[in-house]
Amino acid sequence: MRYLPLSNTDRGDMLARIGVNSIDDLFADIPENVRLEGLLDLPKRASEMQVERKLSAMAEKNTSAGSVPFFVGAGAYKHHVPATVDHLIQRSEFLTSYTPYQPEITQGTLQYLFEFQTQVARLTAMDVANASMYDGSTGTGEAVLMAHRVTKRNKAVLSGGLHPQYREVVEGLSNMSGDRVVSLPADPMGTEDILSQIDDETSCVVVQSPSFYGQLIDLKPIAEKAHQHKALLIAVFTEVVSLGLIEPPGTQGADIVVGEGQSIGNGLNFGGPYVGLFATRQKYVRQMPGRLCGETVDAEGKRGFVLTLSTREQHIRRDKATSNICTNSGLCCLAFTIHMALLGQAGLTKLARINHGNAVRLRKLLSAVPGVEVLNAAYFNEFTLSLPKVAEDVVEQLAERGVLAGLPVSRLEPENKDLANLLVVASTEVNTDEDRAAFAAALKEVLA
Amino acid sequence: MSMNTQGRPTAPGEAGESFRPKTFTGNRALDMEEPLLFEFGSLETTGVDLDEEDGIEFELGAFERKADIGLAGLAEPEAMRHYVRLSRNNYAIDSGLYPLGSCTMKHNPRLNEKMARLPGFSDIHPLQPVSSVPGALELIDELAHWLMVSTGTHAVAMSPKAGAHGELCGMMAIKAAHTAAGRDPKIVLVPESAHGTNPATAALLGFKVVSIDAKEDGTVDLATLKNTIAEHADNIAGIMLTNPNTCGLFERDVKEIADLIHDAGGFFYCDGANFNAIVGKARPGDLGVDAMHINLHKTFSTPHGGGGPGSGPVVLSDRLAPYAPLPFIRKSDAGLELVETNAATSDDEQPFGRMTAFHGQMGMYVRALSYMMSHGSDGLKQASEDAVLNANYIRVGLQDLMSLPFGVRPCMHEVLFDDSFLKDSGVTTLDFAKAMIDEGYHPMTMYFPLVVHGAMLIEPTESESRASLDLFVATMRDLVMSAQRGETERFSGAPYLAPRRRLDETGAARKPVLKWTEPEPAQVTPEAAE
């Protein structure tokens, strides 16, 4: 087997040195009646070529986003990632290193985590960011738990503009731990009355902007009302590129900002692995979940970095920890950091402008299609269409015409018939004029 | 005219070996100091050429950002050099033995990376029409099959994002099963030797954690377990047990433990962190396990990447299978079907909820399946055997010098020593570990498990050759003898040769500096200006 260096001679010699007759003597603690004698009922070893053949055949059955006009967003976005990023994250020293528990020999990881935390804090205009969560949705769940710890209350109010699957993650956790959740009805246009839901029992209000439907939301009045009642505002985003162009949640009064960082540096990967961004105010840092990297000095006074404030974490605090989380999204956050370093403020701003510009062009083309209505007045690179037909059917028909057109809301919200005709559409820098024209033409045909 | 014989000298110069120049840059040849990107990047620089924007119209409402973001940019060559230099300050399994017990640092085949980057896997969207991703469902189903067969179970929840997330998923399924049965037991039993994630997970779900002592050989004491169960009769939700445990030992009484818990109305959660020791040798399903997460990044070699991403599918017993979270793949005569919402479930499917948006760590699934297919049933078994063989080879190489807390007996894939061999030497476990760094080794896991004093948990994995193990054993023997001879300086100040000397972690925690801030401009006083 190509991954195993021991030869049979080695194995024999080593068993002799250990003083046992056979390898099974080393497994003697496994009760005999459950010990496997033969092999598992699975195929035997395969060469590189065989594995490539089999997996490539599976991969080829899928329609990759880059091969068609592609407009699906709703929490994961098709962006162009510079070749440098994927090259660098595959450096052995990054790829095959462990969590930096020995800082003297993991300064590479620690320094990029420190750069990552700085980038996230600046993007969101918050005081501190952690070294990442699994993804935006689990980060949102953690943010709600954190708000409960800070406020010593247990009622979360979730906006109807929150990604439905993020809502389900929060609801799932809360149901299990006995916390309360008030989930507002779906809110495509950002017109819900969330303010009246905030009271003295509210721990936190969770609002997504741009919302799941693409609508930009004014967070300031929500923050004000929340703070009047000593509740926290948790601001969520799923498209981090938006922060290159729109007012950051930090200056709008958010107490915790959490979102998905996939757009920068990371591919679509059918939903994972992604990278959750998580930032908060300085005063709440000790209630924060996840890993944190901090600056310090070594015995010679040289600057260095270490994992810090680990007394919040499970390996020290066990059942009193702020979270059970043990890992972050190390390599995905490296990809984010490198891509963001390449962009810089200048590049990110331009990227965000192109995204918005492309969305506006698409909006114009699609709203000219008879029967189509665009629901959002203010949006970034994504908006919601109201169609004269069931959106799911339209999407399938467009797929047959070679256009992957967006997400029919009913796929995530099948029980709400009012949403059956809604289609969430995203446009990023990868879309060309030809892509948009193909989409508009196909849509016109399907709706005719 | 005679030939000039003063060419480029090829012999070493005359400076003494001990001379170490103080360099102007602070660099030491290939060992370079690297600033933070914010200290040399600029707000104007970008390393990405984007298409020119022509005539953009804005439909942002009043939401346009006004202030600077403050993100420094780097041109491509600057970024390349910066991150290549940073990478050189990292230890990695590709550069040396990484004996981190319980973390399982084994070879990461690059075939897996290549497969995960096939556009048909890496460039598909989780919410594009299901009809356009049949190969993705096939891959997930195929991996699920390999996981179920190797664990002897009939269901698996694929979506958890990491081991601890898998634990959470498993315990949520257990809680859902109790609720469905009209029960609300509060107690979760956790042995002292458990990973910290176990008690943290149980606490997160509102369970009360009751700790179970280990007996002298490091395994769970059945008598204590019986008493504890009796004490909390009718209130036992389950047990969270790591097997093989964190002392590197297989719990011989595992079947009895499972029976006791089941008889008490509880479920058996197994922490699968150490499954890599027994793949192809025993199946958790046969041991009475109800739920077990599998760290794909440990047992099946998806790269740790400096701390993630992980992936933690959870195999489930028949009793827990109905409660598996959304989404899941249903197999029927019609083929594979992706079930994403409660509306799409059948009567016998009662998902407790959802662990994450989308479908889990697809990129990791591809890598893990590539690894499992490459090994096959024969290779997976061989890998477990070699991992256990290597650990025992280290054990016999060191057991006369280092102390085995539970006496001389075979271990599984990792060997646990305590620090009694350092008694009165003035050297601590931490010092000892830091001295290993100077020798070119990543230290073993230290001070864990908590059940022994000054724990040192060594896991070589199957990836090490015999020569590599021999050198490691010889190095460790040299270090032990050096400590026992009283050469404390080699340890107390270690590491001496790493990119950094020992770092002040206490100071870092006391006044946390968690991001870079612009340094204050230097105050120029009249005296200083002179």
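Residues numbered from 1 in each chain as written. Chains lettered and ligands numbered in written order. Predicted model: local features only at pLDDT ≥ 70, side-chain atom pairs only at ≥ 80, totals over all residues. Heavy atoms only, no water.

1. Regarding a negative patch on the surface
A cluster of acidic residues, Glu 392, Asp 393, Glu 396 and Glu 400 of chain A, forms a negative patch at the surface. Inspection of the secondary structure assignment puts Glu 392 of chain A in helix 11 (residues 391-400). (Patch = residues over 30% accessible without salt bridge, like charges linked within 9 Å, V, L, I, M, F, W, Y side chains within 5 Å. Areas by Shrake-Rupley, 256 points an atom, 1.4 Å probe, with all protein chains shown as cover. Salt bridge = Lys/Arg side-chain N within 4 Å of Asp/Glu carboxyl O. Lys, Arg positive; Asp, Glu negative; His and termini not counted. Charge placed at Lys NZ, Arg CZ, Asp CG, Glu CD. Helix = DSSP H or I, 4+ residues; strand = E, 2+ residues; numbered from the N terminus.)

2. Focus on the pairing of strand 11 (residues 382-386) of chain A
All names here are of chain A. Among the five residues in strand 11, five count as buried, and that is most of the element. What you see with strand 11 is no split at all: Glu 382, Thr 384 and Ser 386 on one side and Phe 383 and Leu 385 on the other are buried throughout. Pairing analysis gives two bridges linking strand 10 (residues 373-374) to strand 11, with the strands arranged antiparallel. Across the sheet, the residue bridging to Val 374 is Leu 385, located in strand 11. (Buried < 20%, exposed > 50% of the residue type's maximum accessible area, 1.4 Å probe, protein only. Pairing = 2+ DSSP bridges.)

3. Side note on the UniProt feature "domain: Aminotransferase class V" (unreviewed entry) in chain B
According to UniProt, the positions carrying the feature "domain: Aminotransferase class V" (unreviewed entry) are residues 179-305 of chain B. A helix fraction of 24% and a strand fraction of 20% characterise residues 179-305 of chain B, whose end C-alpha atoms lie 38 Å from each other. (UniProt positions renumbered as here; feature names shortened; annotations may be inferred.)

4. A look at the interface of chain B and chain A
On the chain A side, the residues contacting the 208 residues of chain B number 194 residues. Interface of chain B and chain A: buried area, both sides summed, is about 17500 Å²; carbon and sulfur atoms make up 62% of it. Counting across the chain B and chain A interface gives 22 salt bridges. Taking the shortest distance from any N to any O, the salt bridge between Asp 29 of chain A and Arg 252 of chain B comes out at 3.5 Å. Counting the contacts that link chain B with chain A gives 107 residue pairs in polar contact (both at pLDDT 80 or more). (Contact = heavy atoms within 4.5 Å. Buried area = accessible area lost by both parts, 1.4 Å probe. Polar contact = N/O pair within 3.5 Å; in protein donor to acceptor, adjacent residues only side chain to side chain.)

5. A short note on empty space enclosed by the protein
Going through the model one piece at a time under the given rule, you end up with 11 cavities of 30 Å³ or more. Estimated volume of the largest cavity: approximately 120 Å³. Looking at the largest cavity, it is lined by 13 residues, and the ones nearest its centre are Thr 138 and Leu 173 of chain A together with His 165, Leu 168 and Met 355 of chain B. At the level of elements, helix 6 (136-151) and helix 7 (164-177) of chain A together with helix 6 (163-180) of chain B are the ones that each hand at least two residues to the lining of the largest cavity. (1 Å grid on protein atoms, 1.4 Å probe; cavity = no way out; pocket = protein on both sides within 12 Å on 5 of 7 lines; lining within 4 Å. Points joined across faces, edges and corners; volume = space filled by probe spheres on them.)

6. Brief notes about the packing of aromatic side chains
All told, the structure shown has 15 aromatic pairs over all chains when counted by the stated rule. Ring centres of Phe 71 of chain A and Phe 439 of chain A lie 4.7 Å apart, and the angle between their planes is 35 degrees; this geometry places the pair in the tilted category. A residue pair is termed long-range when its members are at least 10 positions apart, and Phe 71 of chain A in the loop between helix 2 (48-60) and helix 3 (83-89) and Phe 439 of chain A in helix 12 (residues 433-447) qualify at 368 residues. Classification of Phe 71 of chain A by relative accessible area gives buried; the value is 0%. With a centroid separation of 5.6 Å and an interplanar angle of 10 degrees, the aromatic rings of Phe 38 of chain B and Trp 516 of chain B are classed as stacked. Linking Phe 38 of chain B in helix 1 (residues 37-40) with Trp 516 of chain B in the loop between helix 14 (505-510) and helix 15 (526-529), this pair joins segments that are 478 residues apart in sequence. What links up through ring pairs into an aromatic cluster is the set Phe 275, Phe 300 and Tyr 371 of chain B. (Phe/Tyr/Trp six-rings, centres within 6.5 Å; stacked < 30°, edge-to-face > 60°.)

7. As for unusual backbone geometry
All names here are of chain B. Following Asn 243, the chain continues into Pro 244 via a peptide bond in cis, with omega recorded as -5 degrees. Note that Pro 244 resides in the loop between strand 4 (236-242) and helix 9 (254-263). Backbone torsion omega between Ala 494 and Pro 495 reads 0 degrees, so that peptide bond is classified as cis. Although it is not a glycine, Ser 301 adopts a positive phi angle of roughly 70 degrees. For Ser 301, the position within the fold is in the loop between strand 6 (291-293) and strand 7 (314-316). Judged by its relative accessible area of 1%, Ser 301 falls in the buried class. Although it is not a glycine, Phe 358 sits at a positive phi angle of roughly 70 degrees.

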